[in-house]
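What follows is the residue order along each chain.
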Amino acid sequence: MTKMDEEAVRRAVAQARTLVVKVGSSSLTSPSGHLRPERLQALVGALARVCLQGARLVLVSSGAIAAGFGSLGFSERPDDLATQQATASVGQGVLMAHYETAFASYGLKVGQILLTAQDTRQATQYRNARRTLGRLLDLGVVAIVNENDALASNEIRFGDNDRLSALVANIVRADALVLLTDVDALYTEPPSRSGARKVAFVPDVVQTMESIDAEGSTSGLGTGGMTTKLEAARIGAVSGIPVLMTKASLAGPALFGDPVGTVFAPVKHRGSARRLWIKFASAPRGSYQADAGAARAVHGGRASLLPAGVTGVEGEFSAGDPVWIRDESGRPLAKGVSAYDAEEAVHLMGRTTSELSRRYGRQYAHPFVHRDDLVLL
Ligand SMILES: Nc1ncnc2c1ncn2[C@@H]1O[C@H](COP(=O)(O)OP(=O)(O)O)[C@@H](O)[C@H]1O
Ligand SMILES: N[C@@H](CCC(=O)OP(=O)(O)O)C(=O)O
């Protein structure tokens, strides 16, 4: 694809018809961690302007825990899971009430979607989320998304909302992803260090990630820090979505195309929604081991994984579940959707499709993983 320069990426953000904006806890709170409604109102002012110009907006907003612990009379953000969950349950309502009032003052309606990591991993839930979000946007409603903190346990939660926002950008096939935080741009190292230099444009996020020293959150207010924001930028850019990251107070100029923050150029063409799901969101339930020939064919691209090239089947999966395709040494080569149950595949592997057709009928003469359902890592 033709590479976009900095100006083109900024223009793409300013002209986005469908936009995902993520705002972090650190941008909506005071140093004590309490929600600051006036910050939220200022942000809504900048966002409402683009909505009134016709943009379809998904706002991925953190802040449920921040909004909840004050109402519950706690002096600081709780750190045990059960209290965090309960606090988020109280705070999410408070947060939405603020958003509802703030957007209503511009004549805009809001809808709430709370997602768990599981919702992005399971194909049916993913499709469900896509349908509801799409309909909300078609109705001109601002969709406000957060992780379903009240039900997410430590093992399964995203924790930060950065990666969630990048997956949401894929779900709604956004034209741009904007990450708003408490730092004006990406720096070569944490901005508290004297040698840190600002990065205005990242032409290739995959290469740049190696040269940036990104830390987790140090403010105690946010969760993921720059590490998860870079990961979100990578998912966006590799999915063909222009990404901008800046300070929440600069949202207005950023959405207008002014040279603020850091922009990340898309590095690949956008794939189909299904392939993006397979690549970034699906959680494989097992794996196929490919022999050297099949591994070479899969690695070369545009080849399906045929039963004849498979030497092993691992895990318990059903037809339609995501699986890894590994080479003989066990290294993952690709992810794909299996056309067979693991139980069936064990009996079919190692045989040519014509042999399978003769033995079991024509319905068995097809690949374990079709090339349209397969993405290289
Ligand atoms: N290389 C870097 N460039 C910019 N900021 C960085 C970098 N490494 C770490 N950070 C820190 O990441 C923080 C933002 O992350 P976080 O606190 O999780 O915010 P949010 O709540 O918006 O998700 C900034 O305050 C900054 O100090
Ligand atoms: N879902 C949590 C937010 C987690 C969090 O702090 O995320 P982030 O601001 O992206 O670092 C909440 O609403 O409190």
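What you are looking at is a predicted structure, and each value in this text was computed from that prediction instead of being measured.

## Focus: the sheet that holds strand S3 (residues 110–115)
Part 1 of the reasoning: With mixed pairing, the eight strands of this open sheet are ordered in space as S3-S4-S2-S1-S5-S9-S10-S8. Two strands close off the open sheet at either side, each with one partner strand: S3 and strand S8 (201–202).
Part 2 of the reasoning: As paired elements, strand S1 (residues 18–23) and strand S5 (residues 176–181) share five bridges and run parallel to each other. Paired with Val 20 across the strands is Leu 177, a residue of S5.
Part 3 of the reasoning: The strands touched by helix H10 (residues 225–238) are S1, S5, strand S9 (243–247) and strand S10 (262–264); relative to S9, the strand with the most contacts, the crossing angle is about 155°.

## A closer look at the nonpolar core
Part 1 of the reasoning: Ranked by size, the top nonpolar core spans 53 residues in total, and within it Val 20, Val 58, Leu 133, Val 145, Val 168, Leu 186 and Phe 264 carry the most contacts.
Part 2 of the reasoning: Sorting elements by how many residues they give to this core places H10 first, with seven residues.
Part 3 of the reasoning: Those residues in contact with Phe 264, other than ones at most four positions away along the chain, are Val 9, Leu 186, Val 202, Val 205, Leu 230, Ala 233, Pro 242, Val 243 and Met 245.
Part 4 of the reasoning: Val 44, Leu 47, Ala 55 and Val 110 belong to the second-largest nonpolar core, a separate cluster that totals 40 residues.

## A few points about the sheet that holds strand S13 (residues 322–326)
Part 1 of the reasoning: If you trace the five strands from one edge of the open sheet to the other, you get S12-S11-S13-S14-S15, paired in mixed fashion. Each having just a single partner strand, strand S12 (310–315) and strand S15 (374–376) make up the two edges of the open sheet. Strand-to-strand, the axes of this sheet are offset by a mean angle of 25°, without reference to chain direction.
Part 2 of the reasoning: Sheet topology places S13 next to strand S14 (residues 332–337); five bridges connect them, and they run antiparallel. Counted as the bridge partner of Val 323 is Gly 336 from S14.
Part 3 of the reasoning: Docked against the sheet, helix H12 (residues 273–281) engages S13, S14 and S15, running at close to 135° with respect to S14.

## Some details on the packing of helix H7 (residues 123–138) against H12
Part 1 of the reasoning: It is at 12 Å that the axes of H7 and H12 come closest, and there the two elements cross at 125°. It follows from the interaxial angle that H7 and H12 lie oblique. In the crossing of H7 with H12, the sense of the turn from one axis to the other is right-handed. Touching Ala 123, Tyr 126 and Arg 130 of H7 are Ala 273, Trp 277 and Ala 281, all from H12.
Part 2 of the reasoning: A class-by-class count of the residues in the contact of H7 with H12 yields five nonpolar, no polar and one charged.

## Notes on the UniProt feature "binding site: ATP" (unreviewed entry) in the chain
Part 1 of the reasoning: Here the UniProt-annotated "binding site: ATP" (unreviewed entry) positions come out as Lys 22, Thr 181, Asp 182, Thr 223, Gly 224, Gly 225, Met 226, Thr 227, Thr 228 and Lys 229.
Part 2 of the reasoning: Mapped onto the elements, Thr 181 comes out in strand S5.
Part 3 of the reasoning: A polar atom in the side chain of Thr 181 sits 3.3 Å from the side chain of Asp 182.

## Quick word on the pairing of S14
Part 1 of the reasoning: Of all six residues in S14, five are buried; the element is thus mostly enclosed.
Part 2 of the reasoning: If you look at the hairpin formed by S13 and S14, you'll find five residues sitting between the two strands, and Gly 330 has a positive phi there, around 95°.
Part 3 of the reasoning: In the sheet, S14 pairs with S15 via three bridges, with the strands oriented antiparallel. Along S15, the bridge assignment pairs Lys 335 with Val 375.

## Some points on the pairing of strand S2 (residues 56–61)
Part 1 of the reasoning: Summarising burial for S2: six of the six residues are buried, a large majority.
Part 2 of the reasoning: The two faces of S2 match: Arg 56, Val 58 and Val 60 on one face and Leu 57, Leu 59 and Ser 61 on the other face are all buried.
Part 3 of the reasoning: Direction of pairing for S1 relative to S2: parallel, over a ladder of six bridges. Following the sheet pairing, Val 20 is matched in S2 by Val 58.
Part 4 of the reasoning: Pairing of S2 with strand S4 (residues 142–147) involves three bridges; the strand directions are parallel. Opposite Val 60, over in S4, you have Val 145 as the bridge partner.

Analysis parameters
Residues numbered from 1 in each chain as written. Chains lettered and ligands numbered in written order. Predicted model: local features only at pLDDT ≥ 70, side-chain atom pairs only at ≥ 80, totals over all residues. Heavy atoms only, no water. Pairing = 2+ DSSP bridges. Helix = DSSP H or I, 4+ residues; strand = E, 2+ residues; numbered from the N terminus. Contact = heavy atoms within 4.5 Å. Axes fitted to C-alpha atoms, helices over the stretch in contact; angles between N-to-C directions. Core = buried A, V, L, I, M, F, W, Y, C linked by side-chain atoms within 4.5 Å. Buried < 20%, exposed > 50% of the residue type's maximum accessible area, 1.4 Å probe, protein only. Parallel < 35°, antiparallel > 145°, perpendicular 65-115°, else oblique. Left-handed = near helix turned anticlockwise from the far one by under 90°. Nonpolar A, V, L, I, M, F, W, Y, C, P; charged D, E, K, R; others polar. UniProt positions renumbered as here; feature names shortened; annotations may be inferred. Polar contact = N/O pair within 3.5 Å; in protein donor to acceptor, adjacent residues only side chain to side chain.

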